[in-house]
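# Fold and contact review
Chain residues, written in single-letter form:
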Amino acid sequence: MASRSAPLQDDQKFALMKFRRSVADVLKPDHDDYYLLRWLRARNWNPDAAEKMLRNSVKWRERWGVDKIESWKAPQPLAEYLVHGLSGFDKDGAPFLVVPFGPFDIWGILHSVSQADLIRVTIQYLEKHLQLAFNQSKEHGNNARQLVVLFDMEGFNVKQYTWRPAAEAIIQLIKMYEANYPEILKYCYIVNAPKVFAFVFNMVRKFLDEYTVNKIHIYKADPGKWQPAVLERIDASNLPRHYGGTMVDEKGDPKCREFILWGGKVPEEMYNKRDDENNNDFNETVIKKGGKLKMEFYCKDDGCFLKWEFRTYEHDIRFGIKCQNEKTGEVTEEIPLKRIASHQCDEVGFITCLPNCKYFVVFDNTYSYMRNKKIRYSVILTEPMEEPDILDVME
């Protein structure tokens, strides 16, 4: 693979010039050539494909409120049990992150917060560290403008990820990362990987870009092999003593728990706990056995989204969305009606809405002759976005 710092060829310069012109309406002052090249390289120097990718990401950032996400307060379980930490910097000045993934209690997390909150806090940390990398690049150059990550898989329990909501959450995080943060990874060390991790990695690598895969280096539980590799890029003073460096926190802890969260089991008293400010848009009701809960929304303008989040108590529910074009009367299935195991994990999603269309949302319990279903839900049609000409979001 060509070096990211190599001089651009003439055709690459032309692609960059064309790309910059085509997306000028969505660029910000700090979106320099380095930023644009990330998207071009992620789409093999195809300016049209890079434009589509970037515009989709601009729309995604609007939907998730990324530009203001710094002020969002993460729920307590994420603030206390989400494994991560800034350990220091590599020898080029790039931020170096340590993620003790093995103790991560994803079962407890997803019983305590929504999948949307897990995605939101991941975005928050990515934005924070990328801003730090950008600031570092002002002093150290563009070699500091990416992230170096060490994932410690000691204690990894694959059984957690055979649970559907856990597997889906990880896949959604990977897809979100690949679609919106191309080529930000400088190096990734996965250490203390058990044998079963090879199977897991082969399952998720199909969601990863080739660039990302090439930056990942996996090591078994053999410090004699992975510590020299890490220390080649990370000075010992920036690596916790637990991993073979010299760094300890102010309490002398070799795991540096003062600034690296090591997770652990989420207390059950935190399960299904929500901060009051996150409850404003939610309703609770009981759908009678054999009954339905129906909602209707009218989208007048382009640039709107229909988004939902819900959880049932003890049992699943069927969920679906239909769209009716007001002019033609044509009805299409946006989300086919199917049973959702929302008693195991919050169901979260969205669709891009078309103008002059009605949207019919249904929670269907007609298949149940014995049980009423209690549901906590939020379904919202967003206001039009400021830039209605942006391309629709694509998978």
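Attention here is on the structure that accompanies the text. Remember, predicted model here, so these are calculated numbers, not experimental data. (Residues numbered from 1 in each chain as written. Predicted model: local features only at pLDDT ≥ 70, side-chain atom pairs only at ≥ 80, totals over all residues. Heavy atoms only, no water.)

### A few points about the pairing of strand S10 (residues 317-325)
Using the following cut-off: Note on pairing: two strands pair once DSSP finds at least 2 bridges between them. A run of H or I in DSSP becomes a helix once it reaches four residues, and a run of E becomes a strand once it reaches two; helices and strands are each numbered from the N terminus.
Pairing of S10 with strand S11 (residues 331-340), which is carried by seven bridges, proceeds in the antiparallel orientation. Among the inter-strand pairings, Arg318 is bridged to a residue of S11, identified as Arg339. As paired strands, S10 and strand S13 (residues 357-364) are joined by eight bridges and run antiparallel to one another. Note on S13: the bridge partner recorded for Gln324 is Lys358.

### Some details on the packing of helix H3 (residues 47-64) against helix H7 (residues 164-180)
Applied cut-off: All axes are obtained by fitting lines to C-alpha atoms, using only the stretch in contact for helices, and the reported angles, taken between N-to-C directions, cover 0 to 180 degrees. We call two directions roughly parallel when the angle between them is under 35 degrees, roughly antiparallel when it is over 145, roughly perpendicular when it lies between 65 and 115, and oblique otherwise. Here, residues are in contact when the closest pair of their heavy atoms is within 4.5 Å. Residues are sorted three ways: Asp, Glu, Lys and Arg are charged, Ala, Val, Leu, Ile, Met, Phe, Trp, Tyr, Cys and Pro are nonpolar, and all the rest, Gly among them, are polar.
As a packed pair, H3 and H7 sit with axes 9 Å apart at the nearest point and diverge in direction by 120°. Between H3 and H7, the angle is such that the two are oblique. For the pair H3 and H7, contact is made by Met53, Ser57 and Trp60 and by Met176, Glu178, Ala179 and Asn180, respectively. The class makeup of the residues in the contact of H3 with H7 is four nonpolar, two polar and one charged.

### Overview of helix H10 (residues 223-233)
In plain terms, the rule: Buried means the residue's accessible area, taken with a 1.4 Å probe over protein chains only, is under 20% of the maximum for its type, while exposed means over 50%, and partly exposed covers the values in between. Throughout, the arc means that of the directions going from the helix axis to the C-beta atoms.
Buried within H10 are the following residues: Trp226, Ala229 and Val230. For H10, the buried positions fall inside an angular range of 95° around the axis, keeping them on one side. Within H10, the exposed residues directed more than 90 degrees away from the buried face are Gly224 and Glu232. For H10, the secondary structure elements touched by its buried residues are strand S3 (147-152) and strand S4 (185-191).

### Digging into unusual backbone geometry
A positive phi angle is found at Cys256, which is not glycine, with a value near 55°. By the element assignment, Cys256 lies in the loop between H10 and strand S6 (260-261). Accessibility expressed as a relative area gives 0% for Cys256, which makes it buried. Backbone geometry at Asn356 places phi at a positive 60°, although glycine is not the residue there. The residue Asn356 is located in the loop between strand S12 (347-352) and S13 in this model. Residue Asn356 is classed as partly exposed on the basis of its relative accessible area, which comes to 26%.

Coordinates in, geometry out; function isn't part of it.
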